[in-house]
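Descriptive structure summary
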Amino acid sequence: MVTIKASYTVTPNEATPNGYLWLSDLDQVVRLSHTPLVFIYKPKQNQKNRIIETLKNSLSKVLVYYYPIAGRYCYTKGGRVELNLNAKGAVLTEAETSKTVDEYGDFSPSDSTKELIPKIDYGQPMEEIPLLVVQVTRFSNKDESFVFAIGVAYSHPLSDGAGFSNFLNSWAKKARGETLNSNEIPFLDRKLLKFLHTPLEPLFEHIELKPPPLILGRSDANIERKKSITAELLKLTAEEVEKLKKKANEFGIPKGSRPYSSFEAISAHIWKSASKARDLEENQQSVVRFNVEIRNRISPNLSKNYYGNALIQTSAKGFTGEITSKPLSYVAMKIREANELITNEYIRSQIDVIRGFEHLDDARRLFIGGEGKNATYFGNPNLRITSWLNFPAYKVDFGWGKPFYFGIGHVSPDDRGIILLSPDGDGSVIVCMHFQVDLMELFKKIFYEDLYGLFTSARL
């Protein structure tokens, strides 16, 4: 059981700009709720008396640069959200749990891990909901060691993972008493993504904006939506990752193309394993949806330190029969093709589709940004995949060392694979897999048996 001991509102320690910050169309169609993340630390020295003050003081300093985080949302015309730069502040809470760190197991998403994440009261007016809430939880350890969790609830319309990562590392740098370099200052103006022309007719099919396929013979996803989802952490060693990449690159790479990446190979393996575990008809359509960062794909390019959502959704599609029977390279090719769709023209076309909606709630239903019953269901026969391979979570050092665990803190409402680096720093990878409870054991069996088969065939 977790008990909240104290709560603090942290505001910028200097005056910051006021008024309203325009949020782009890409900011509008992500979840309006908070992303729950957890970091686990074990300081080399007992610093428990300094942790809260260090975090409070450094947060107040970094909010001078990242002042939108201290603001509050409000609705405007057509369901659009704006950011009121009122400096109401972020919230930092101090908590303790009656459990030891070992009782939380591997910290895979669960009700237990969820205790370490701040609870957000969405019943209050939007104008009152803080955009960043941080919970520092001390574990009840029986020995003299000191271990604690930093749980973060971060509002997604503020930025994508790259923007959040830059904020987090800037906060950690301030906590260590260091100064931000000029190239670490966030670029806050989102008007580079503000288009004034009348939205054009779509130039592409945009399957990522269409309702995903249903199981053959069904008229809705209600049966699948009601099934329970669980989450488990599946480790791939560096050697296993290399084996997957080698297998993906055996056949079908167009001449002159780069080899398939870790993301493409692992995503293909997840899709094949999920399709086999579901055992649907061969002519069942399946879609995998994932995000692509556009900072370097839109013209003109966005700043590396652009603080906002610079993600475009894309989808790979195929039939169960081909996904399960064809080589890994074929499935990786489908992931590659969906990735390579994202050009400057495609980005602008997708944004125009969003702009064409009279009310943004209708656009949100097509994206993962929908909430509750209005959310797009992306489970069986479909799948979402998220890559956090470039998220430097294990470098977030507030002055007491790097975390020994980082991950998401809740179970996804539908099937999803999150790919992230392991804390070992040896090239190994963790797949945080969210899958239907009734199928998870079979999925894991296939996931590892097919992987083992790569090693067996390599020795023959």
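That block above? That's the structure.
First, a word on what this report is: a plain description of the structure on this page. (Residues numbered from 1 in each chain as written. Predicted model: local features only at pLDDT ≥ 70, side-chain atom pairs only at ≥ 80, totals over all residues. Heavy atoms only, no water.)

With that out of the way, let us pick up unusual backbone geometry. Backbone geometry follows two general trends: most residues other than glycine have a negative phi, and most peptide bonds adopt the trans configuration. Cis geometry is found at the peptide bond from S299 to P300, where omega equals 0°. With respect to the helices, strands and loops of the structure, P300 is situated in the loop between strand 10 (285-293) and strand 11 (311-319). Following N380, the chain continues to P381 via a peptide bond in cis, the omega torsion being 15°. In this fold, P381 is placed in the loop between helix 11 (360-364) and strand 12 (383-388). Phi is positive for F107, close to 65°, though the residue is something other than glycine. (Helix = DSSP H or I, 4+ residues; strand = E, 2+ residues; numbered from the N terminus.)

For the coordinates displayed, the defined rule picks out 28 salt bridges. Of the charged contacts in the structure, one is a salt bridge between K227 and E224, with a shortest N-O distance of 3.1 Å. Through salt bridges with shared partners, one network takes in D160, E293 and R295. (Salt bridge = Lys/Arg side-chain N within 4 Å of Asp/Glu carboxyl O.)

On to the sheet that holds strand 13 (residues 405-408), then. Taken in spatial order, the six strands of this open sheet run 1-6-7-8-3-13, and their pairing is mixed. Two strands lie at the open edges of the sheet, namely strand 1 (2-10) and strand 13, each paired on one side alone. Neighbour-to-neighbour, the strand axes of the sheet open up by a mean angle of 20°, direction not taken into account. Of the pairings in the sheet, the one linking strand 1 to strand 6 (residues 90-97) comprises eight bridges and is antiparallel in character. In the sheet register, A6 faces strand 6, and the bridge partner there is E94. (Pairing = 2+ DSSP bridges. Axes fitted to C-alpha atoms, helices over the stretch in contact; angles between N-to-C directions.)

Attention now goes to helix 7 (residues 262-278). Helix length check: helix 7 (17 residues) gives 24 Å between terminal C-alpha atoms against 24 Å at 1.5 Å per residue, within 8%. The buried fraction of helix 7 is high, at 15 of 17 residues. D279 sits one or two positions beyond helix 7 and adopts a positive phi of about 55°. (Expected span 1.5 Å × (residues − 1). Buried < 20%, exposed > 50% of the residue type's maximum accessible area, 1.4 Å probe, protein only.)

It is worth spelling out the environment of S325 at this point. Here S325 is to be found in helix 8 (residues 320-325). A sequence separation of 43 residues divides S325 from E282, and the C-alpha atoms of the two residues are 9.7 Å apart. Polar contacts involving the side chain of S325 include one to the main-chain carbonyl oxygen of G321, which spans 2.6 Å. (Polar contact = N/O pair within 3.5 Å; in protein donor to acceptor, adjacent residues only side chain to side chain.)

This brings us to helix 9 (residues 328-340). Taking 1.5 Å per residue as the helical rise, helix 9 with its 13 residues ought to reach 18 Å, and the 18 Å between its terminal C-alpha atoms agrees with that figure. Where burial is concerned, most of helix 9 is hidden: ten out of the 13 residues are buried. Three or more residues of helix 9 are buried, namely L328, S329, Y330, V331, A332, K334, I335, R336, A338 and N339. Along its buried surface, helix 9 packs onto helix 6 (238-248), helix 7, strand 10, strand 11 and helix 8. (Contact = heavy atoms within 4.5 Å.)

In this section: the nonpolar core. Counting residues in each nonpolar core, the largest one holds 60 residues, and the members touching the most others are L236, I266, I270, M433 and F443. Looking at this core, the element that brings in the most residues is helix 7, giving eight residues. Filtering out sequence-adjacent residues up to four positions away, I270 remains in contact with L383, I385, I419, V431, M433, F443 and F447. Within the second largest apolar cluster, 55 residues are counted, among which are Y67, L168, V396 and I418. (Core = buried A, V, L, I, M, F, W, Y, C linked by side-chain atoms within 4.5 Å.)

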